[in-house]
Amino acid sequence: MTGIPAAIEPVVIGLGGNVGGEPAIAQRFDRARAAIAELGADLSAERDRVRSARLYRSAPLGPDQPWFLNTAVRIALVDAQPGELIAALLEIERLLGRRRETEARWGPRPIDLDVLVWGARIVRAPRLEVPHPRLAERRFALLPLIDLVGEGFVVPGDGPAGELARRVADQRCDEIAATW
């Protein structure tokens, strides 16, 4: 027993960004983490509301742009709805300078927030798919996920996170900090 009531579901949210230099990106991550913590269940202490993965540097998917910083946070949600969660994350992105309507797909961005997994849920909603549809193909998302839920966590529909990470081991993704 983990001490978390059954109605509370852990959600892992990936964070990425490559605009403004690493100190500025890390600062946006910190601000996003604080905002995301406010979405989580009040489990008596801040540390129980949000946990952070290590910080990684990874190659961009699109051409001619800086490398990304990536990490993830884990929160516990009570009775949350997919539409509410994605709306909150999109608003956090907007407040931190992201303008989705003007950026190129897989292009540079100040911050990107993606729901990687939501416990064992499979969600197919208009603006949200969980597990993230390309999670199994992206080492930069799998490594932070493993930091938070372990290699044995089964990504619904894809398999154990550790096995998925081994399949994409050739993708460059370097740990640069254990905490941030």
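Analysis parameters
Residues numbered from 1 in each chain as written. Predicted model: local features only at pLDDT ≥ 70, side-chain atom pairs only at ≥ 80, totals over all residues. Heavy atoms only, no water. Buried < 20%, exposed > 50% of the residue type's maximum accessible area, 1.4 Å probe, protein only. Helix = DSSP H or I, 4+ residues; strand = E, 2+ residues; numbered from the N terminus. Phe/Tyr/Trp six-rings, centres within 6.5 Å; stacked < 30°, edge-to-face > 60°. Core = buried A, V, L, I, M, F, W, Y, C linked by side-chain atoms within 4.5 Å. Contact = heavy atoms within 4.5 Å.

**With respect to helix H4 (residues 139-149)**
Part 1: Of all 11 residues in H4, 9 are buried, a share of seventy percent or more.
Part 2: Of the residues making up H4, those classed as buried are Arg139, Phe140, Ala141, Leu142, Leu143, Pro144, Leu145, Ile146 and Leu148.
Part 3: At the exit of H4 stands Gly150, carrying a positive phi of roughly 90°.

**Topic: the packing of aromatic side chains**
Part 1: Within the structure shown, the criterion is met by 1 aromatic pair.
Part 2: Ring geometry for Phe29 against Trp180: centres 6.0 Å apart, planes inclined by 70°, an arrangement best described as edge-to-face. Of the two residues, Phe29 sits in helix H1 (residues 22-39) while Trp180 sits in the segment after strand S10 (173-177), which places them 151 residues apart along the sequence. Each member of the pair, Phe29 together with Trp180, is buried.

**Looking at the nonpolar core**
Looking at soluble globular proteins, one finds that nonpolar side chains tend to be buried together.
Part 1: By size, the foremost hydrophobic cluster in this structure holds 29 residues, and its most contacted members are Val11, Ile13, Phe29, Ile36, Leu89, Leu113 and Trp118.
Part 2: Elements that contribute at least two residues to this core include exactly strand S1 (8-17), H1, strand S4 (68-78), helix H3 (82-95), strand S5 (112-118) and strand S7 (128-130).
Part 3: Discounting chain neighbours no more than four positions away, the residues touching Phe29 are Leu15, Gly16, Gly17, Leu55, Leu69, Asn70, Thr71, Ile111 and Trp180.
Part 4: Leu116, Leu135, Ala161 and Leu164 belong to the second-largest nonpolar core, a separate cluster that totals 21 residues.

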